[in-house]
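Examining the three-dimensional arrangement
Here is how the chains run, residue by residue.
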Amino acid sequence: MNQKLPTLLITGASGFIGSHLLPYLLHLNYRIYALTRHLAQSFQHENLQWIDDLNQIDQPLDYVVNLAGENIGQRRWTKARKQALIDSRIKTTQRVFEWLLQHQQQPKRIVSASAIGYYGIDESENWQQVCDEQSPPQSIFMSELCQQWEKTALSYTQFDTKIMRLGVVFAKNGGILPQMMLPIKLNTVGVIGSGRQPVVWVHIEDVLAIIEFLLHVQSEQIVFNAVAPDHTTQKAFVKIAAQQVKRRPFLPAPACLFKTLLGEQSQLILNGQFVAPKALLEAGYQFKFPALAQALQDIYP
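What counts and what doesn't
- Residues numbered from 1 in each chain as written.
- Predicted model: local features only at pLDDT ≥ 70, side-chain atom pairs only at ≥ 80, totals over all residues.
- Heavy atoms only, no water.
- Helix = DSSP H or I, 4+ residues; strand = E, 2+ residues; numbered from the N terminus.
- Buried < 20%, exposed > 50% of the residue type's maximum accessible area, 1.4 Å probe, protein only.
- Contact = heavy atoms within 4.5 Å.
- Lys, Arg positive; Asp, Glu negative; His and termini not counted.
- Charge placed at Lys NZ, Arg CZ, Asp CG, Glu CD.
- Pairing = 2+ DSSP bridges.
- Axes fitted to C-alpha atoms, helices over the stretch in contact; angles between N-to-C directions.
- Phe/Tyr/Trp six-rings, centres within 6.5 Å; stacked < 30°, edge-to-face > 60°.
- Lys NZ or Arg CZ within 6 Å of the ring centre and 35° of its normal.
- Salt bridge = Lys/Arg side-chain N within 4 Å of Asp/Glu carboxyl O.
- Polar contact = N/O pair within 3.5 Å; in protein donor to acceptor, adjacent residues only side chain to side chain.
- Arc of directions from axis to C-beta.

Let us now look at the overall build of the protein chain. Each helix and strand counted, the protein chain has 10 helices and 15 strands in total. Overall, the C-alpha framework of the protein chain stretches about 55 × 40 × 40 Å when taken along its three principal axes. Across the 301 residues that make up the protein chain, the buried fraction comes to 49%. Considering only contacts within the protein chain whose residues lie at least 6 apart along the sequence, 79% involve residues at least 24 apart. Averaging the coordinates of the 27 positive side-chain charges in the protein chain and doing the same for the 24 negative ones gives two points 8 Å apart.

Written out as structure tokens, the structure reads:
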């Protein structure tokens, strides 16, 4: 690897966001240690080194991007699954920060992922409130998971750490969008539940740019909502998406179906909170895709 380029560690590097972030940052002339559980990766580059052990890092790190964590939407939330979701975030985050301390690494900036699940749900299902970075968390699993994740990262006060609370990341390949689009493309299910629940999203290209922005931004703000400024309901999402792929899905899907199939996990589909990227906008970030129609036109031209 080129020894003169800024050096960066990415955890969760082979995951959905990580696999998009690698070529993006390599193009911007970073050299990268990519931490993964699976070393047999097809993507290679002269300034990229795949590692499965932090002790394989043999250079000072300028930056760290912590993305590790199993997909919260995959598999039903059994007690064991909940613990796996917690461990994949908390233990990896602890391991990274402890390694940095033990090896006297002092990166200029750490960006650690979290999610807008921090803000929980609207039990009234009125969805009149818009959360910003100062809004409180809740005592439900998705919020407590994010709280623990953030608390772990921020407990290491020796480091300059920014928290990035991600919305639903939209991209053509990977993530949840292809699953959201499938029933629309098949002209079947459209509105889910009331259809008034928030869909809080962000385009993958903005996520990549936000990460790089947060590596360098001069701001005392610690937490940043990585969500588009557009406030979209599930019904509005279906309408705009259907227009983009020239379909007219007609079947509603009742909320009771998802509650029966998924239990508590159905909150991911049927509820949530509107969230604004207040801190990012105040810090000067300009969204590439601020509106849903624009984002879907880019992904499904």
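Once that is clear, we can look at unusual backbone geometry. At W127, a position not held by glycine, the phi torsion is positive, near 50°. Mapped onto the fold, W127 is located in the loop between β5 (109-115) and β6 (130-131). The buried category is assigned to W127, whose relative accessible area is 6%. Of note, the phi angle at N187 is positive, near 60°, even though the residue is not glycine. Mapped onto the elements of the fold, N187 is located in the loop between α4 (177-185) and β9 (189-192).

A separate point is the sheet that holds strand β4 (residues 63-66). In spatial order, the strands read β3-β2-β1-β4-β5-β7-β12; together these 7 strands make up an open sheet with parallel pairing. Every other strand in the sheet has two partners, leaving β3 (48-51) and β12 (223-226) as the edge strands with one partner each. Along the sheet, successive strands turn relative to each other by an average axial angle of 20°, direction set aside. Across 4 bridges, the pairing between strand β7 (residues 161-166) and β12 is parallel. The partner of I163 across the bridge, within β12, is V223.

Here we take up the pairing of β7. Every other side chain in a regular strand lies on the same face of the sheet, so the side chains alternate between the two faces. Buried residues dominate β7, accounting for 6 of its 6 residues. Of the two faces of β7, the one carrying T161, I163 and R165 and the one carrying K162, M164 and L166 are both buried. Sheet topology places β5 next to β7; 6 bridges connect them, and they run parallel. Bridge pairing in β7 links I110 to T161.

Within the element layout of this structure, L166 appears in strand β7. Residues L166 and A226 lie 60 residues apart in sequence; the distance between their C-alpha atoms is 4.8 Å. Setting aside residues up to four positions removed in sequence, L166 forms contacts with I17, A113, S114, A115, I116, V207 and A226.

Our next topic: the packing of aromatic side chains. Taken as a whole and assessed by the stated rule, the structure comprises 9 aromatic pairs. Consider the rings of Y30 and Y63, whose centres lie 6.1 Å apart with planes at 75°: the pair is edge-to-face. Here the residue Y30 occupies a position in the loop between α1 (16-27) and β2 (31-35), and Y63 occupies one in strand β4, the gap between them amounting to 33 residues. Judged on exposure class, the residue Y30 and its partner Y63 are both buried. Between the aromatic rings of Y118 and Y119, the centroid separation amounts to 5.3 Å while the plane-to-plane angle is 80°, which identifies the pairing as edge-to-face. Taken individually, Y118 and Y119 each receive the classification buried, so the pair is uniform in this respect. Ring-pair connections join several aromatic residues into one group, and the members of that group are F97, Y156 and F159. When the ring centre of W149 is taken as reference, the NZ or CZ atom of R89 above it lies at 4.9 Å.

Note on placement: R89 falls in helix α2 (residues 79-102). Of the buried charged residues, R89 lacks a salt bridge, with E70 as the closest side chain of opposite charge at 6.8 Å. There is a polar contact of 2.7 Å between the side chain of R89 and the backbone oxygen of E70. Engagement of the side chain of R89 in a polar contact is seen with the backbone oxygen of L85, the distance being 3.1 Å. Leaving out residues up to four positions away in the same chain, R89 has contacts with A68, G69, E70, I72, L145 and W149.

Below, the discussion takes up α1. Taken together, the buried positions of α1 are I17, G18, L21, L22, L25 and L26. Axial view of α1: buried residues confined to an arc of 145°, hence all on one face. Just downstream of α1 lies N29, where phi reads positive at about 70°.

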